[in-house]
Amino acid sequence: MAKEAVSISDAELEIMKVVWKQRAPVATHSIIEAVAHKEWKRTTISTLLTRLVEKGALSAEKQGNSYAYTPLITEKAYRKAQTKNLIQTLYNGSVRDLAVSLFEGGGLSEADIDELRKRFSL
């Protein structure tokens, strides 16, 4: 399985977003501070970080009594893989059916439609 296609839970994704936001390795205490609003216990965060390392989404480097985490997959690559999976799973691989669903379901504003027209010269 390609690293960007790794299965990441919603909670793990919250951790990944914190790490992706940084431009350098992120210390454990910084991650704990960034997700404080979640009111997760330190052990929960440690478990999530361990899982992400085991899945190959993060690397961990020991720094003193703590670790610093670096993403092994980019947010862009992860989003692309998840989008491909969504289209394949829910729309049988049809990007057109996804677009129709968004359009008919009110998921696209006029501004979104205008932007798509400009981007794809429609």
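Residues numbered from 1 in each chain as written. Predicted model: local features only at pLDDT ≥ 70, side-chain atom pairs only at ≥ 80, totals over all residues. Heavy atoms only, no water.

With respect to the pattern of salt bridges
For the coordinates displayed, the defined rule picks out 6 salt bridges. Glu14 is paired through a salt bridge with Lys17; the nearest N and O atoms lie 3.9 Å apart. Of the two residues, Glu14 and Lys17 are both situated in helix 1 (residues 10–21); the distance of 3 residues between them amounts to about one turn of the helix. Judged by its relative accessible area of 24%, Glu14 is partly exposed. Lys17 sits in the partly exposed class, given a relative accessible area of 41%. (Salt bridge = Lys/Arg side-chain N within 4 Å of Asp/Glu carboxyl O. Helix = DSSP H or I, 4+ residues; strand = E, 2+ residues; numbered from the N terminus. Buried < 20%, exposed > 50% of the residue type's maximum accessible area, 1.4 Å probe, protein only.)

A few points about the nonpolar core
Counting 20 residues, the largest nonpolar core has Ile8, Ile15, Met16, Ile31 and Ile73 as the members making the most contacts within it. No other element matches the 6 residues that helix 1 contributes to this core. Those residues within four positions of Ile31 in sequence are excluded, and the remaining contacts are Ile15, Val18, Val19, Val26, Ile45, Leu49 and Tyr69. (Core = buried A, V, L, I, M, F, W, Y, C linked by side-chain atoms within 4.5 Å. Contact = heavy atoms within 4.5 Å.)

Observations concerning the packing of aromatic side chains
Throughout the structure, instances matching the rule amount to 2 aromatic pairs. On the numbers, 5.8 Å between centres and 40° between planes, the contact of Trp20 with Tyr78 is tilted. One end of the pair, Trp20, is in helix 1; the other, Tyr78, is in helix 4 (residues 75–91), with 58 residues separating them in the sequence. Here the aromatic rings of Tyr67 and Tyr69 are separated by 6.3 Å at their centres, their planes lie at 40°, and the arrangement is tilted. Residue classification places Tyr67 among the partly exposed positions, given a relative accessible area of 35%. Looking at Tyr69, the relative accessible area reads 7%, which means it is buried. (Phe/Tyr/Trp six-rings, centres within 6.5 Å; stacked < 30°, edge-to-face > 60°.)

Observations concerning unusual backbone geometry
Phi is positive for Glu39, close to 60°, though the residue is something other than glycine. Here Glu39 is to be found in the loop between helix 2 (28–34) and helix 3 (42–54). Phi angles above zero are rare outside glycine, and Asn92 is one such case at about 50°. The topology assignment puts Asn92 in the loop between helix 4 and helix 5 (95–104).

Focus on the packing of helix 1 against helix 3
Orientation of helix 1 relative to helix 3, taken along the N-to-C sense of each, is 85°, at an axis distance of 10 Å. Considering their axes alone, helix 1 and helix 3 lie roughly perpendicular with respect to each other. Residues Ala11, Glu12, Ile15 and Met16 of helix 1 lie in contact with helix 3, whose contacting residues are Ile45, Leu48, Leu49, Arg51 and Leu52. Grouping the constituent residues of the contact of helix 1 with helix 3 by class yields 7 nonpolar, no polar and 2 charged. (Axes fitted to C-alpha atoms, helices over the stretch in contact; angles between N-to-C directions. Parallel < 35°, antiparallel > 145°, perpendicular 65-115°, else oblique. Nonpolar A, V, L, I, M, F, W, Y, C, P; charged D, E, K, R; others polar.)

Quick notes on the side chain of Glu12
Locating Glu12 in the fold gives a position in helix 1. Those residues in contact with Glu12, other than ones at most four positions away along the chain, are Ser7, Leu48, Arg51, Leu52 and Lys55.

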